[in-house]
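# Reading the structure
Listed here are the chains, written in short residue letters.
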Amino acid sequence: MSNQTYPRAWDGTEWQRFALRLVSLKHGFANVQTVPDTVDGDAGLEFFTTDGCLYQCYAPKEVVDVGKAASGMKQKVTSDIQKLRKYEPKILGIVGPLKFDRWILLCPFFEDKDVLRHIQKKISGENIEKLGYCNSPFIGLGKSIEDFSDEYDLLRAKGKGLPLKLKVASEGDIGGLPQGSDLFERVMEKLKRGYPGVADAALEAKAKAWILSSITKQNVTEDLQRDYPDQWETWFTTISMEEQRLSLIGDQNGTANEFLNSELKGLQEKLKEALPDLSPAFRSALAQGQLGTWLLDCPLDFLEHQP
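Within each chain, residues carry numbers counting from 1 in the order of the written sequence. pLDDT decides what is reported in this predicted model: residues at 70 or higher carry local features, side-chain atom pairs at 80 or more are listed and counted, and totals for whole chains, interfaces and linings draw on all residues regardless. Where side-chain values are given, they derive from all heavy atoms of the structure, hydrogens and water being excluded.

### A short note on the overall build of the chain
In plain terms, the rule: Helix and strand definitions follow DSSP, with helices as H or I runs of at least four residues and strands as E runs of at least two, each counted in order from the N terminus. Radius of gyration here uses only the C-alpha atoms, and the compact-globule reference equals 2.2 Å multiplied by the residue count raised to the power 0.38. Using a 1.4 Å probe on the protein chains alone, a residue whose accessible area is under 20% of its type maximum counts as buried, one over 50% counts as exposed, and one in between counts as partly exposed. Contact definition: two residues touch when any of their heavy atoms are within 4.5 Å. Only the protein chains shown count as cover for residues, and all accessible areas are computed by the Shrake-Rupley method using a 1.4 Å probe. As used throughout, the charge tally considers Lys and Arg to be positive and Asp and Glu to be negative, leaving His and the chain termini uncounted. For charged residues, the charge sits on one atom: NZ in Lys, CZ in Arg, CG in Asp, CD in Glu.
Tallying secondary structure elements over the chain gives 10 helices and 5 strands in all. Over its C-alpha atoms the chain spans a radius of gyration of 26 Å, topping by over 25% the 19 Å that the globule rule assigns to 307 residues. Principal-axis analysis of the C-alpha atoms gives the chain an extent of 85 × 40 × 35 Å. Taking all 307 residues of the chain together, 42% fall into the buried category. Taking contacts inside the chain between residues at least 6 apart in sequence as the whole, the part at least 24 apart equals 74%. Entry remark: accessible area of the chain is about 15,900 Å², with carbon and sulfur atoms responsible for 50%. Computed over 38 positive and 45 negative side-chain charges, the separation of the two mean positions in the chain equals 7 Å.

### Topic: unusual backbone geometry
Negative phi characterises most residues that are not glycine, and trans characterises most peptide bonds. The linkage connecting Ser 136 with the following residue, Pro 137, adopts the cis geometry, with an omega of 5 degrees. Position of Pro 137 among the secondary structure elements: in strand 5 (residues 134-143).

### Regarding the packing of aromatic side chains
Aromatic rings in a pair are described by how distant their centres are and how their planes are angled relative to each other. Selection rule: Centres within 6.5 Å make a pair out of two Phe, Tyr or Trp rings, where for Trp the six-membered ring is used; the pair is then stacked when the planes are under 30 degrees apart, edge-to-face when over 60, and tilted otherwise. A ring is scored as having a charge over it whenever the NZ atom of a lysine or the CZ atom of an arginine sits within 6 Å of its centre and within 35 degrees of its normal.
For the coordinates displayed, the defined rule picks out 10 aromatic pairs. With centroids separated by 6.3 Å and ring planes inclined at 85 degrees, the aromatic side chains of Phe 18 and Tyr 152 adopt a geometry described as edge-to-face. Placement of the pair is Phe 18 in helix 1 (residues 12-27) and Tyr 152 in helix 5 (residues 149-158), with a sequence separation of 134 residues. A single burial state applies to Phe 18 and to Tyr 152, both of which are buried. A ring pair is formed by Phe 47 and Tyr 55, whose centres lie 5.8 Å apart and whose planes are at 40 degrees; its orientation type is tilted. Like Tyr 55, Phe 47 is buried. Here the aromatic residues Tyr 6, Trp 10, Trp 15, Phe 18 and Tyr 152 are joined through ring pairs into a cluster of three or more. Arg 8 extends its terminal NZ or CZ atom over the ring of Phe 109, reaching a point 3.9 Å from the ring centre. Geometry around Tyr 195 places Lys 206 over its ring, the cationic atom sitting 4.7 Å from the centre.

### Thoughts on the state of the cysteines
Rules: Sulfur atoms of two cysteines make up a disulfide when they are within 2.5 Å.
Taken as a whole, this structure holds 0 disulfides when the rule is applied. No disulfide involves Cys 53; its nearest neighbouring cysteine sulfur is the one of Cys 134, lying 12 Å away. Judged by relative accessible area, which is 5%, Cys 53 ranks as buried. For the unlinked cysteine Cys 107, the closest cysteine sulfur is that of Cys 57, found at 8.3 Å. By relative accessible area, which is 0% here, Cys 107 ends up buried.

### Notes on the pattern of salt bridges
Stated formally: By convention in these notes, a salt bridge is any Lys or Arg side-chain nitrogen within 4 Å of a carboxyl oxygen on Asp or Glu.
Applying the stated rule across the entire model yields 10 salt bridges. Residues Arg 8 and Glu 111 are paired through a salt bridge, measuring 2.8 Å at the closest nitrogen-oxygen approach. Of this pair, Arg 8 sits in the segment before helix 1 while Glu 111 is found in the loop between strand 4 (100-106) and helix 4 (113-125), placing the two residues 103 residues apart along the sequence. Looking at Glu 111, the relative accessible area reads 43%, which means it is partly exposed. Asp 80 is the salt-bridge partner of Lys 83, the closest N and O atoms lying 3.3 Å from each other.

### Remarks on the environment of Thr 238
Stated precisely, the cut-off is as follows: The term polar contact refers here to a pair of N or O atoms within 3.5 Å; inside protein, the definition further demands a hydrogen-donor-capable atom paired with an acceptor-capable atom, and it admits residues adjacent in sequence only when both atoms are side-chain atoms.
When you line up the elements, Thr 238 lands in helix 8 (residues 229-249). Note on Thr 238: relative accessible area 14%, which makes it buried. The spatial distance from the C-alpha of Thr 238 to the C-alpha of Phe 18 is 29 Å, given a sequence separation of 220 residues. Contact partners of Thr 238, with chain neighbours within four places excluded, come to Lys 270, Leu 271 and Ala 274. Here Thr 234 takes part through its backbone oxygen, which lies 2.8 Å from a polar atom of the side chain of Thr 238.

### Notes on helix 9 (residues 256-274)
Short version of the rule: Here, expected helix span is obtained from the residue count minus one, scaled by 1.5 Å. Picture the helix axis, draw a direction to every C-beta atom, and the arc is the one those directions span.
In this model helix 9 runs 27 Å from its N-terminal to its C-terminal C-alpha over 19 residues, within 8% of the 27 Å that 1.5 Å per residue would give. All buried positions along helix 9 are accounted for by Ala 256, Phe 259, Leu 260, Glu 263, Leu 264, Leu 267 and Leu 271. Down the axis of helix 9, the smallest arc covering the buried residues is 125 degrees, so these residues share one side. Projecting away from the buried face of helix 9 at angles above 90 degrees are the exposed residues Lys 265, Lys 272 and Glu 273. In the core, the buried residues of helix 9 are packed alongside helix 6 (182-194), helix 7 (200-227), helix 8 and helix 10 (280-296).

### What to know about the sheet that holds strand 2 (residues 47-49)
The line we're drawing: Any two strands between which DSSP finds at least two bridges are classified as paired. Geometry is summarised by axes, namely lines fitted to C-alpha atoms with helices restricted to the contacting stretch, and by angles between N-to-C directions that run from 0 to 180 degrees.
Pairing within the open sheet is mixed, and its 5 strands lie in the order 1-2-3-4-5. The two strands at the open ends of the sheet, each matched to only one other strand, are strand 1 (32-34) and strand 5. Taking the axes of each pair of neighbouring strands and ignoring which way they run, one obtains an average angle of 20 degrees across the sheet. Pairing analysis gives 5 bridges linking strand 3 (residues 53-57) to strand 4, with the strands arranged parallel. Pairing of Gln 56 across the sheet is with Leu 105, part of strand 4.

Interpretation note: all reported values are geometric properties and have no functional meaning in isolation.
Here it is in structure tokens:
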């Protein structure tokens, strides 16, 4: 068993699309046919292969409690295996002369053996192997991303197909206003130089916003490093060069707002050039968050007595 950690939480549509990529790599793109569900449902099938496999996808809503996840899987099995018999004429028309040896439930994770027993019981109870599009013996299987580890690694290396969700930091991530913490005091010290005469309450709000932006950026970069390694390398190189530039010649011009806006615009342009395939929302999160990180650490600072 692999020690690699695979993503567990998926939106149903998102999982179906990603599963299709895995299956297409496993069986060959030309050997996989999707079954559209827009008109009159999918007859209990997501896609089938020319080498004898019927696939159905399921992404459990429960991803922590194995028992609850297994319960959802078993309900899915019961519903969709019944459809194999109920919609036999429709399926025969879809698959043509093809015959199938196995029905596969494909989930992000698969950890309870009782689901396998349930699959076999339902296939036997519905006499699936006697259907016109099935061979005998006909078996049911439960598969997960781990069973497609080579295909997963290939998609990961290419940065294709893996979902990238923007996890925006909330106050819960910093436990409210972190007054007294070293990070908070460091940002406040800089903001007081950059915004002389501004009330402490307003500066505290700014400090919190910059800290949250930095945490959001960290969330994005962790996902990039795990699932989009090439893009992460590009990001890392781009930011390293920008950080060097800021350390060498990044003296403040104009007010604090003008300085920050100039740095933000420049960073966004660099990221658009370096990562054109990344969505604008993610590039903005990276740019804003990097400014927040530079405020928390170095080299971004303000000159004394700016108006």
